[in-house]
Structure formats: structure tokens, C-alpha cells
Amino acid sequence: MTWETVIGLETHVQLSTKTKLFSRASTTFGKSPNTNVNLIDCGLPGVLPSVNKEAFYKAIRFGMAVGAQINQTSIFDRKNYFYADLPKGYQITQMDLPIVLGGTIDIEAGDGIKTVNITRAHLEEDAGKSIHDEFDGYSAIDLNRAGTPLLEIVSEPEISNAKEAVAYMKAMHQLVTYLDVSDGNMSEGSLRCDANVSIRKKGDLELGTRTEIKNINSFKFIEKAINYEIKRQIKVLENGDTVTQETRLYDSSKDETRPMRSKEFANDYRYFPEPDLLPVVISDAEMQEIKDNFPELPKGKEARYKEDFGLSSYDAQIIAASKSMADFFEASAENTKNFSLLANWLIGEISAFLNKDIIEIHESKLSPENIAMLINRIDDQTISGKIGKSIFEEMYKSGSSPDEIIKSQGLEQISDDGAIEEIINTVIQENPSQVEAYLGGKDKLFGFFVGQVMKLTQGKANPQSVNTILKEKLK
Amino acid sequence: MLDCKSISSSELIHETFRLAKQYQDLNCFVTMNEDRGIKKAHSIDQADSSHSQLSGIPMAQKDLFCTEGLRTTCSSKILSNFIPPYTATAVQKLEEAGSIIVGKTNMDEFAMGSSNETSYFGNVHNPWRKGYVPGGSSGGSAAAVAAGIVSAATGTDTGGSIRQPAAHCGITGLKPTYGRVSRWGMIAFASSLDQAGPLARTAEDCAILLNAMSGHDLKDTTSLDVETPDFLASINQPVKGLKIGIIKEFDLGDLDSEVQARFEESKNLYEKLGAEFIEISLPNISASVPTYYSIAPAECSSNLSRFDGVRFGHRADNTEDLNDLYIKSRSEGFGEEVKRRILIGTYALSAGYYDAYYKKAQQVRRLIKNDFEEAFNSVDLMMTPTSPNTAFAFGSKGAQNPIELYLEDLFTISSNLAGLPAISIPHGMVHSLPSGLQLIGNFLQEDKILNAAHIFQQNSEFHLAKPSMEDF
Amino acid sequence: MDQETVRTICYLARLEIDKEKSEKIENDLETIIELIGGLQAIDTSEVEPLYSPLEKTALKHEDIEASDNQKEKFLKNAAASNKDYFLVPRVVE
């Protein structure tokens, strides 16, 4: 029996506005509980929502970038249900007339590029947070997050496996960070993924029963959760049972999905147009302003890096792929001329360190100015590339500048030929048998002499000068 | 009313509190504001600068408006301990104009009712006859003005809740155009219908109050971005040539003969003053009551979801889990009428019924609004009795069949649906109880109805009648 | 209005009705629904619903913070809270 997987993804993107969707409270992450809460967010009697225009502008930028239809007139609706972190007992969202309709995202699929269609994207307010296991017998409610603007993006069920799902989410992450729509931080909850997964016999046209896996908050878990769910559903169907339509949560510690506690009655959200908010209209002038101030996207940056900085296609593509890296590169490039060396370092050594800690470059202690300085010091031969690596390690740990480290550790490269010659003389004097063997034909011993020079100079001798002078001396 | 300098603010406020205590059997106040009220009166007297018309005027505020630091209950058990951290815009404007909050007035619970019989704090008495309803939902405010405790009060009107109690208590009450007065801080019953407005003895006083209360508020997206005119400016215009519409579909022949008689007499008075009466047709007007009772409960069922016992208000004891907390807190906290309307509203919005009830009602609503728009092409304003009946004895209506009470709103409800301004003025007695005359104006034309009401009052004395208060 | 429907809407509204009152409430609900059902007779084909009496559109405000931290006031109003959170009976997901 060959099975086929059908996946649709719902992405909740927390918009990077300074204030909430319907109130002027701050959206800054990590504040102490219940401090980013005003009358409106608390759902007090008598309060009324009012619309944050920037949230609309960000949603529209997203829509424009994916080639969607923008509904310049859109409507908010109430979604009615009870939950502790939903202060009003309803969420203000968009049902019938969302801000964005349609659009496409290209993803890297197994053998090339696959285009995934987007059904719609709409604005809605986020709920607060409940903490269930910190206070004995109680759940604690923090409303800081209540009212934060979300853009809910729904894909068509066109994704075929877990890897494509991850590729889609990565493409989404790149897009929203590039567009300055969201900081895309999955671990902080700025980017959340719900996966709708179903199985059907290969060739079947009808969709199988789907389950929804909610709130997966890392790329790694998306892949694991979906793969687990696919296997689970296949097993159910192969046993002759039917898949239950339900909502499930992914438990990363056990690497499995399990159903959320089922409710006695199915929820009827009783959507109706929000009477406290009238239809929201975006004028043609506002649309034009958004178009005029559209940020540069990865493809644009790639082309520009090749043109203006002479980077190779490969280097340009890698650096442009992440907004964090691209911004860093551009800032660094203002302070150095050796663009290709800069690119090499970013893609190579620096990325290796970042990947180990699973952070982006803007989250590290490195600054574009300091990295530019490092590149310059290597470029002008103040230090060797090898010393550069150990200096970099210190920079990564402490955030200090290369000059500070070079000074404090006395790491300037020795380029003075006279000084090097002296050291070479010492090496030659102290190793007569090796000299004899080398002159007798053991060419490989050249490396030994270089090593000895480096040992005596703590690696600071300029390698080219060492080579030249040593060759001369050992004739 | 408000202009005599013969008495200081402090003297006035003390007298007000004395009267409130003397007539406490009316049960028109839920919470008094004595300390702060007296303090404000003193500071006004000290200030000595040029005073505005409302300076030092004691006002009763309906307990639906949030008042910072002063308990606000909506006459419900579920908010019986709620102290708001902010003040409603309409109230704030009145305070900034110099008025003093005397106390929060009793009302039908969450503004749902037409007789002030659903309050957690007990019924309000009609000052004209003990044991009779003052009308609702702004019964406490109307009674306080009628009894002479205050000369000005605020109310809210969703289906007639300012006009109808004004009529039953023999005073003047105005519902402005929807969006004229900010709803920020006004605890929501039905968001697309609610409006705040003044109650006072005369149309002139209502104009002064409306001047102060109105205005665009950035915090209320449904408040109109229009200049507030001076509602006193054209209040004395003669009504000669004024075209007043009589609504064909309101067959007054079914009403009590005395109610009909008062209406005819008012018509005659206007005709004597030079106004012209024209019959107009509002073909869908008889659908007003069912339309209203689909929309208002639907919106209220959602608006009242925030009363869940979690962040404020009554919370039940000994609950097992979150759902239990919700169910018990809400069931203990809400009265029967509120529960009824929440259930109806929930039903009207639920899957499978939304199109037939809620959406259908909003479609009929548009038809009703269109009818008014069309009719206002041929008239300046319209006239109806405010209520089919006068005040009635406690418990004598609606106990068996809630619809009996709903039909009390027959004449007032349509202006809420269409968002139009309307005023009720006293025009005589029916079986020794006050009867009210309603004038409905076109969108944003409060000035026209205030003018017509004022001229009527310049040429009659009904608004001067006061209850004897001997039973209180 | 059958028992099942009443139970469902009561649950959706998080309300429970005393057994003694339930028959009256059900009758009341039926009466009111009959009243509002009368609208079915009116022809509204091609009529746009009127969700608000205003023919205007929403204000939009700038993305600038303008908010006081009133944490203590909010928590004080709650029936159960500690210095940081609102508290409810523990929820099991």
C-alpha cells in the first residue's frame, strides 16, 4: 500500500509593531508579567479597540511580496469562546474579508523549486499566556501578550512531506524577517506553526481525515512532529481503523504527538462582524507609500552583492539568504575593502561558531565594525590568518575588538625581515642534523623549519617572509 | 435651571444629598459620591473664576458609566464590587464642564429592561406613584430628576432606555445620533445601538448637557468625527412651516383613548404654532421589535462574555475547574433577563441560525434605515407617542411573557436601529400619570428636535409639573 | 427548542439554569425565537446587512506607545491574584 501525505500549514506571525493591534500598550518581549497591559488589553468593561495602522502596513507588505490580492477594505470579526487567557471572551480576527487573499511562496523541494499556494492571510489579536504548573492548584494568567498583532497565513494543502514543511517555514522566516514584518523568532513565539496532516492512498483525489498539530516552535520539531504523525496515521489506517479528526500537541521530550484534552461540546465560534470597529480602508496613497518603501529582498541583495562587491554567486546567495547575515555584511562592508575575505570569514569560520550555538549573527557579541577591523588587520598583514582565528574566538566570547585583543595579547605579526632572519638563524644553528638532512635531499623537512620558526615566534612570524628567507638561507 | 448664582455650589450639593437621603425610598441611587462631591463643590466655590453653565451643577450618573474610584455596578451582582480604574469620556466631559457627580443611579441590569425591575439592587419607584415603575433602563436617573433631587442626569438608550423613563416620569430625555457621544467607558450592552444622553426637566437643559457630552473621541472608533454644533444656537427658531411626519404604520387607534387624546392635543398645539403635519410611510417599521430583539441580544451575548470572574467582578467559591468557575460565576452573577438575552443572542449567532436570525435582522435593519432616509425627504422630523402606555405597577407586565415588556419599546426602538436622534418631552397626564411625546430627527439633526421640543415647552406647562412626593 | 439545543447554547454561554426555572426559560426562549422568526417573511434578497448605523470607516492610529502600567490596579480587581498574575483553577490541556 503506497500512502501519500497531504500537509497544510497555518503560520502565526507575530508582527514587529511597537504596540498592540488594538491598543497602545507596548509589545516588547520579556517584560515582567502583566506590565504590557492597558485597559483595552485587560478587557475591562467599557473599553473599545482602535486599529494600529502599522500592523496593516506590515500585513500588506507581506501580501505584496507573495503576489497576493490586497483587500483595501477589510473587516474585523469576533470569534467567541471562553479561555482564561482571552480577556474579552472573544478574539478580534478577520473571517469573511481578510486583508490578504491568495499569493505563492517558492520553497526548495527535493528536486528543485516548488511553488506553494497561499489561501489567505489575516490579522488577529494574540491571546495572553497561561502558566499551568508553577502555582499549586492554580493556573496563572499573564496578559502581556494579549492583543499583540498576529498575521495568520494559511497555505493550501500542497505540502507533501516533513522536509517540504520545514523548507516552507524557512522560506516564511526569511520572508518575514526581510520584510521587517516580524523578527521571526520561533523560540520567543514570534513565528508559530500549526500543521494539518492527513494521509490518503496514492492516487486518491479525496483528502483523508486530518489532524492538527498545534504550536510547534522550532524547525527541528516541525520535521519530527510531522514525521511522527505520518507514521502514526499510517499505522492506524493499516490496522483498518479511521483517523480521528482532532487537535494534537507535539511532546518533544517523548518525540510524539498526543491529543489535546477533548472538549465536551465542539466549539461554535459564532463569528459576527465586530461592531466596535468599522471596516478598515487602506487608501491608494497608503498603498503607494508601502510600495515606494518596499525593502530589498534576498534576490535583489544577491544581485547587488555580485555587482557592487564582486562576490561570487555562491557567496552572494549564502549571505543574502539570512537578513541578519546580510545586514551584518553590508554594515561591515562599509569599513573594509576586502569584500571576498569578509565573505569567506562570514560563511566559514563565523558561521561555524554561530551554528554551534544556534544563534544568528545579530544575537552574538560580534559587531560589523569589529569584524571589518579583523579583516583589515589580516589584509594588511598585521596578523596572520591563523592568528586571526584565535583572535576571532576571543572576539566571539567577549565582544572585544581585534585591536584590543592584539594589544592585550601582543599578537602583532612579525614582518620585519631582520627580526625573522635572526630567528631563522637561531633555528638553523640549533638544528644542524635536520639542516644536513634537508640539504641532502629531504625536502619535506622544510615544514619542520617553518614549524620551529613559528614556535619561537608564537606563530606571529609572517608566513610568506619566513618562507622566502628560509629558502634563501637553506640553499 | 443652572444659572442662579443665588446659591453656592456647596449649599447646592448639601441640599442635593439631603434630598437624596430624604427620598431614599425611591431607590434611585446605588452608590453615593458624598465625600468627593462635597470636596469638588468647595473647590468650585473657592475658584471664583468665571464659571461655565454646568459649574457646580450636581448630576446623577447612570451606573453604566465607568467612574474612576467610584463603584460601577450596572445594577448587577456580577459587578457589585467593581471599582473602575478609569472614567467614561462622556462623564469626564461633564465633570470638566464643572458638574459634580452626586451618585450612580439604579438601572435595569446591564440596561436590559423597560421598567427598572431587573436590578440586583431592587426596583426604582416612580416618584409620581409609589409601587409603580419609572420606566427603564435609565429608571434611577429619570426618577432622580423627576423627584427634584438633581436637575440633570445621564442615561443610556439602546432601545428607548432614556426616552421611555423620561416619559413615564414626566421629564425630558434625549437620545443623540449614534456616534455623537463617545462610548468609551460606557459598559457595552449592544454596541451598534447604545448611545449616552441627557435627562433633565427641559429641552434647553438637555441642549446644554448635550453640548458638554458630545464630541469626537479617538478612543471610540465609532464616534463621529464632526464638529459639535452649539445646540442652543437655534433652539428658539419658530416652528412655523416645520414639516412633522406622522407614521402611517403606527396605528394609534389601539392605544388607550387618553394616550390618543394627549397625542392629538400635542398635534393641535404644533399646528397652532404653524407646523404642518404630513403622513409618511415607513413600510418596515413594524419589524422593528423583532429586528431589535435579534441584534441586541446577539451583540450583548458577546459583550458580556468578559464577565467571567477571572479579572474582576464576582467569582463563585468552590469551583472545580475553569469551566466550573465560568458557569457558576456567571450564573450566580447575572439576573434572569440578562441570562435570557444572552441565551437568545447565543442562539441567534450560532452555526445554522446566524443567517436566519442575526444576518436577517441586520438586513431588515437596513430596510428600516432606508425607509427613514426616504421619509426625511418630505419632513423635517417625525412625531409619535413615546410609549404605548404609562407607568404600570411593579410586576404587572412581563412576568408571564417577556414580550409584553418588549412591546413597550415599540415607538422608540426604530431610531436606535437607524442611529437617529430622538427626544421625549412631557405632554400631559394619562390617568394621573405622565405621558410623553417623542420627536425623531434626521441624522445629526438634534438641533431640530431640540428646537421643536423647546418651542413646545415655551407654549405649554407640562414640563413644569412636579410629583407631590408625599408617599416618600 | 429541544433539550439538546438548550444545553448547547447554555454551555456556549457558560450559563446554567436552575431546574425549577428551566421550563419557564425554555418557554420564554421559544416565545422570543418565534417573535424574531417573524422576520423570515420579509424579502431581503439583494439587501446588504447593516452592521452599524454609520456609513464610515475605522480610524487607524500610529504605532506609538501611549500606555500607563496599571498592573497593581488590574490585579487588585481580581478575585484571585498574586503580585504578578491573575489566578484561576488549574487548567489541564
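Look up a bit, the structure's there.
Read on for a plain summary of the structure. If you're wondering where the values come from, they're calculated on a predicted model, not measured in any experiment. (Residues numbered from 1 in each chain as written. Chains lettered and ligands numbered in written order. Predicted model: local features only at pLDDT ≥ 70, side-chain atom pairs only at ≥ 80, totals over all residues. Heavy atoms only, no water.)

1. Re the overall build of chain B
And then number 1: Counting its secondary structure elements, chain B contains 14 helices and eleven strands.
And then number 2: Against the compact-globule benchmark of 23 Å for 472 residues, chain B has a radius of gyration of 21 Å, which places it among compact chains.
And then number 3: Expressed as lengths along the three principal axes of its C-alpha atoms, the size of chain B is roughly 70 × 60 × 45 Å.
And then number 4: In chain B, which comprises 472 residues, the proportion classed as buried is 68%.
And then number 5: Across chain B, contacts joining residues at least 24 apart in sequence account for 76% of those joining residues at least 6 apart.
And then number 6: Counting every atom, chain B has about 14,500 Å² of accessible surface; 45% of that belongs to carbon and sulfur. (Helix = DSSP H or I, 4+ residues; strand = E, 2+ residues; numbered from the N terminus. Rg over C-alpha atoms; globule rule 2.2 N^0.38 Å. Buried < 20%, exposed > 50% of the residue type's maximum accessible area, 1.4 Å probe, protein only. Contact = heavy atoms within 4.5 Å. Areas by Shrake-Rupley, 256 points an atom, 1.4 Å probe, with all protein chains shown as cover.)

2. Here we look at the interface of chain B and chain C
And then number 1: Contacts between the two partners involve 70 residues from chain B and, on the opposite side, 51 residues from chain C.
And then number 2: Here chain B is connected to chain C by three salt bridges.
And then number 3: For Glu68(B), the salt bridge goes to Lys73(C), with nearest N and O atoms at 3.7 Å.
And then number 4: Connecting chain B to chain C are 18 residue pairs in polar contact (both at pLDDT 80 or more).
And then number 5: Elements with a contribution of two residues or more to the side of chain B that touches chain C: helix 8 (288-303), helix 9 (322-333), helix 10 (336-349), helix 11 (355-375), helix 12 (402-406) and helix 13 (413-418) of chain B.
And then number 6: When residues of the side of chain B that touches chain C are assigned to their parent elements, the largest contribution, 13 residues, is made by helix 11 of chain B.
And then number 7: When grouped by side-chain class, the residues that make up the side of chain B that touches chain C number 35 nonpolar, 19 polar and 16 charged. (Salt bridge = Lys/Arg side-chain N within 4 Å of Asp/Glu carboxyl O. Polar contact = N/O pair within 3.5 Å; in protein donor to acceptor, adjacent residues only side chain to side chain. Nonpolar A, V, L, I, M, F, W, Y, C, P; charged D, E, K, R; others polar.)

3. Brief notes about the sheet that holds strand 6 (residues 90-93) of chain A
Residues and elements named next belong to chain A.
And then number 1: A sheet is described by the order of its strands in space; here three strands give the open sequence 6-5-17, paired in antiparallel fashion. The open sheet terminates on both sides in strands that have one partner only, identified here as strand 6 and strand 17 (272-273).
And then number 2: Bridge count between strand 5 (residues 77-80) and strand 6: four bridges; the pairing is antiparallel. The residue of strand 6 that forms the bridge with lysine 79 is glutamine 91. (Pairing = 2+ DSSP bridges.)

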